[in-house]
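Results of the structural survey
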Amino acid sequence: ALPIYGGDRHPAHTALESREAKRCNTYLKTHYNHHKDPIAVYTLQVKVDDVTNIMSKNIDRVLQREEKLDELVVKTDDLQVLAESFQKTATTMRKKMWFKRKKLIIIIVVVVLVILTIIILLSTNVIKT
């Protein structure tokens with residue numbers, strides 16, 4: 001029996017282990033049954049178990065990497081949504097600030113014109129002091 005790493009097993013992980021274990025057992029039975037050397041069979045079984053354990057760990061790593069990539073895709077999508085929202089807000093704010101600047105310029109021009117008009121009227125004695 002193979003040790004279970006990390007809790008729940010992924011179906012592909014279990015199927016691969018099962019397929020590899022069956023293949024190894026079949027190979028051992030057909031190839032080494034005619035040999036009566038139990039040490040050679042045991043040594044080979046240990047090597048097969050080691051390879052199976054290494055493959056199991058590699059599959060676990062691949063599955064973890066896939067989960068991390070999925071998380072990264074979700075975070076990237078969220079960041080894209082935030083970037084679009086920021087772009088809309090920045091455009092709206094830029095338009096509001098442009099309008100405020102234009103309004104301020106118009107007010108300043110009107111005040112200057114009123115002051116100039118008063119000065120001109122005072123200097124031409126239209127308005128008597």
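Because the structure is predicted, anything quoted here is derived from the model rather than measured.

Basis of the calculations
Residues numbered from 1 in each chain as written. Predicted model: local features only at pLDDT ≥ 70, side-chain atom pairs only at ≥ 80, totals over all residues. Heavy atoms only, no water. Helix = DSSP H or I, 4+ residues; strand = E, 2+ residues; numbered from the N terminus. Buried < 20%, exposed > 50% of the residue type's maximum accessible area, 1.4 Å probe, protein only. Areas by Shrake-Rupley, 256 points an atom, 1.4 Å probe, with all protein chains shown as cover. Patch = residues over 30% accessible without salt bridge, like charges linked within 9 Å, V, L, I, M, F, W, Y side chains within 5 Å. Salt bridge = Lys/Arg side-chain N within 4 Å of Asp/Glu carboxyl O. Lys, Arg positive; Asp, Glu negative; His and termini not counted. Charge placed at Lys NZ, Arg CZ, Asp CG, Glu CD. pLDDT = per-residue confidence, 0-100. Contact = heavy atoms within 4.5 Å. Expected span 1.5 Å × (residues − 1).

1. Observations concerning the overall build of the chain
Scanning the chain from terminus to terminus reveals two helices and zero strands. Buried positions account for 11% of the 129 residues belonging to the chain. When the accessible surface of the chain is totalled, it reaches about 11,200 Å², and 66% of it is carbon and sulfur.

2. Here we look at a positive patch on the surface
A surface patch of positive charge is lined by Lys57, Arg61, Arg65 and Lys68. Positionally, Lys57 belongs in helix H2 (residues 38–123).

3. Looking at a nonpolar patch on the surface
On the surface, a cluster of nonpolar side chains totalling about 710 Å² of accessible area is made up of Leu104, Ile105, Ile108, Val109, Val112, Leu113, Leu116 and Ile120. By secondary structure assignment, the location of Val109 is in helix H2. Judged by relative accessible area, which is 43%, Val109 ranks as partly exposed.

4. Considerations on the confidence of the model for the chain
Atomic detail in the predicted coordinates should be set aside for any region of low pLDDT. On average, the chain scores 82 in pLDDT, and the residues at 70 or more come to 76%. Within the model, pLDDT remains below 50 along residues 1–7, and this stretch shows ten contacts once partners closer than five positions in the same chain are excluded.

5. Digging into the side chain of Thr52
By secondary structure assignment, the location of Thr52 is in helix H2. Look at Thr52 and you get buried, because its relative accessible area is 9%.

6. Description of the environment of Met55
Within the secondary structure layout, Met55 lies in helix H2. Overall, the relative accessible area of 28% leaves Met55 in the partly exposed class.

7. Considerations on unusual backbone geometry
In this structure, Asn125 takes a positive phi of about 60° despite not being glycine. Within the fold, Asn125 resides in the segment after H2.

8. Some points on H2
In a regular helix each residue adds 1.5 Å, so 86 residues correspond to 128 Å; H2 covers 124 Å between its end C-alpha atoms and thus fits that length. Of all the positions in H2, only Leu44, Val48, Thr52, Asn53, Ser56, Ile59, Asp60 and Leu63 are classed as buried.

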